[in-house]
Amino acid sequence: MHDFNRWLLNLLYPARCCLCGEVVAWREHLCDTCRREAPFVLPPVCDFCGRSSDKCNCRNKSRAYERCVMPFYYEGVGRKAAGILKNQGEVSTVNGLAIEMAELVRREYGGISFDYVTAVPLHADSLRQRGFNQSELLAKALSSCIRVPFCPLLTKIYRTPSQKEQTLMRREANLLGAFDVIGDHPLRGKTILLVDDLHTTGATLHECAKMLQIYGAERVYAVTALASILKKEKNDV
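Residues numbered from 1 in each chain as written. Predicted model: local features only at pLDDT ≥ 70, side-chain atom pairs only at ≥ 80, totals over all residues. Heavy atoms only, no water.

Caption draft 1: Focus on the side chain of Thr118. Here Thr118 lies in strand S3 (residues 116-119). Only 2.6 Å separates the side chain of Thr118 from the backbone oxygen of Cys151, close enough to count as a polar contact. (Helix = DSSP H or I, 4+ residues; strand = E, 2+ residues; numbered from the N terminus. Polar contact = N/O pair within 3.5 Å; in protein donor to acceptor, adjacent residues only side chain to side chain.)

Now the structure itself:
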């Protein structure tokens, strides 16, 4: 599309900040306020969970994925962005978050050659109710940014109880056997970039990465748009 056509389209459908939803200048994806005050994940970061070192509580718990990275925390305008993403699938939010995720992938995973980008799936009932999978929207937009093919490699076999307000042990128990690999894409020896909207304990990413590895994937790396800040739990072992 020519620049003039993009400019005209932006007059009719102005770009919006991917976090707060305010109108932004053409070709921008963050407003000035969010560039200054957004809950960015700042270095130095944990080499495993991707959170800033002072907010890391993962204790390098064994996971099937190699690492996870994310640009924002799930607080303040990050929480607002998560709501827009999950409930509306707003294009500006999806594309803006994908741009931030792509920059992070290039910086943190720059020496890695990915074969596929894939997304954490929703159960079919949840997909029908919502009408879209926000993680898949992010994965497709990210795929375009980093020029790695998107492939839907996973399915969610059964609905699981909400992960909210659950301890780490219960979160993991909820998800055992919930995912499987679909399609006939050859995974043996492949390196996969797994995408989700929110990283909390990593239980969902772990189960998805585990299934990809069972079917032959050599390595799985993860990237999410946001991360919750973990609190220590008595049952978090």
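Caption draft 2: Expanded view of unusual backbone geometry. In the segment running from Pro43 into Pro44, the intervening peptide bond is cis, with an omega of 0°. Within the element layout of this structure, Pro44 appears in the loop between helix H2 (32-37) and strand S1 (68-69). We note that Arg147 has phi near 60°; this positive angle belongs to a residue other than glycine. With respect to the helices and strands, the residue Arg147 is situated in the loop between helix H6 (134-146) and strand S4 (154-156).

Caption draft 3: How the structure looks around the packing of aromatic side chains. Here the structure, examined in full by the defined rule, presents five aromatic pairs. Between Phe48 and Tyr65, the ring centres sit 5.6 Å apart and the planes meet at 5°, which makes this aromatic pair stacked. Remark: Tyr65 occurs in the loop between H2 and S1 and Phe48 occurs in the loop between H2 and S1; sequence separation between them is 17 residues. A single burial state applies to Phe48 and to Tyr65, both of which are buried. With centroids separated by 5.9 Å and ring planes inclined at 85°, the aromatic side chains of Phe114 and Tyr221 adopt a geometry described as edge-to-face. You can see Phe114 sitting in the loop between helix H4 (91-108) and S3 and its partner Tyr221 sitting in strand S7 (residues 219-227), a full 107 residues away along the chain. Per residue, the accessibility class of Phe114 equals that of Tyr221, and both read buried. In this structure an aromatic cluster arises from ring pairing among Tyr109, Phe114 and Tyr221. (Phe/Tyr/Trp six-rings, centres within 6.5 Å; stacked < 30°, edge-to-face > 60°. Buried < 20%, exposed > 50% of the residue type's maximum accessible area, 1.4 Å probe, protein only.)

Caption draft 4: Main features of the side chain of Ser135. Here Ser135 is to be found in helix H6. In this view, Ser135 contacts Ala119, Val120, Val195, Asp196 and Asp197; residues no more than four positions away in its chain are not counted. (Contact = heavy atoms within 4.5 Å.)

Caption draft 5: Region of the structure containing the packing of helix H3 (residues 77-88) against H4. Two elements in contact, H3 and H4, have axes whose closest approach is 9 Å; the angle formed by their N-to-C orientations is 120°. Between H3 and H4, the angle falls in the class oblique. In terms of crossing hand, the pair formed by H3 and H4 is left-handed. Where H3 abuts H4, its residues Ala81, Ile84 and Leu85 lie against Thr93, Val94 and Leu97. (Axes fitted to C-alpha atoms, helices over the stretch in contact; angles between N-to-C directions. Parallel < 35°, antiparallel > 145°, perpendicular 65-115°, else oblique. Left-handed = near helix turned anticlockwise from the far one by under 90°.)

Caption draft 6: Up close: the pattern of salt bridges. Counted by the stated rule, this structure contains seven salt bridges. Here Arg35 ties to Glu28 by a salt bridge, and the two come within 2.9 Å at their closest N and O atoms. Lys140 serves as the salt-bridge partner of Glu136, at 3.1 Å between the closest nitrogen and oxygen. With Glu136 and Lys140 both in helix H6, this residue pair falls four residues apart, about one helical turn. Lys140 sits in the partly exposed class, given a relative accessible area of 42%. (Salt bridge = Lys/Arg side-chain N within 4 Å of Asp/Glu carboxyl O.)

Caption draft 7: Structural context of the nonpolar core. Leu19 and Leu193 are the most contacted members of the largest nonpolar core, which totals 39 residues. For this core, the secondary structure elements donating two or more residues are H3, H4, S3, H6, strand S6 (191-199) and S7. Those residues within four positions of Leu193 in sequence are excluded, and the remaining contacts are Val105, Tyr109, Phe114, Tyr116, Val117, Thr118, Leu142, Ile146, Tyr221, Ala222 and Val223. Counting residues in each nonpolar core, the second largest holds 32 residues, with Cys46, Tyr116, Val181 and Val220 among its members. (Core = buried A, V, L, I, M, F, W, Y, C linked by side-chain atoms within 4.5 Å.)

Caption draft 8: Representation of helix H8 (residues 203-214) within the structure. With twelve residues, H8 extends 17 Å between its outermost C-alpha atoms, agreeing within 8% with the 16 Å of an ideal straight helix rising 1.5 Å per residue. Counting buried positions along H8 yields nine of twelve residues, so the element is predominantly enclosed. Among all positions of H8, only Ala203, Thr204, Leu205, His206, Glu207, Cys208, Ala209, Met211 and Leu212 are buried. Remark: Gly216 follows H8 within two positions and exhibits a positive phi of approximately 115°. (Expected span 1.5 Å × (residues − 1).)

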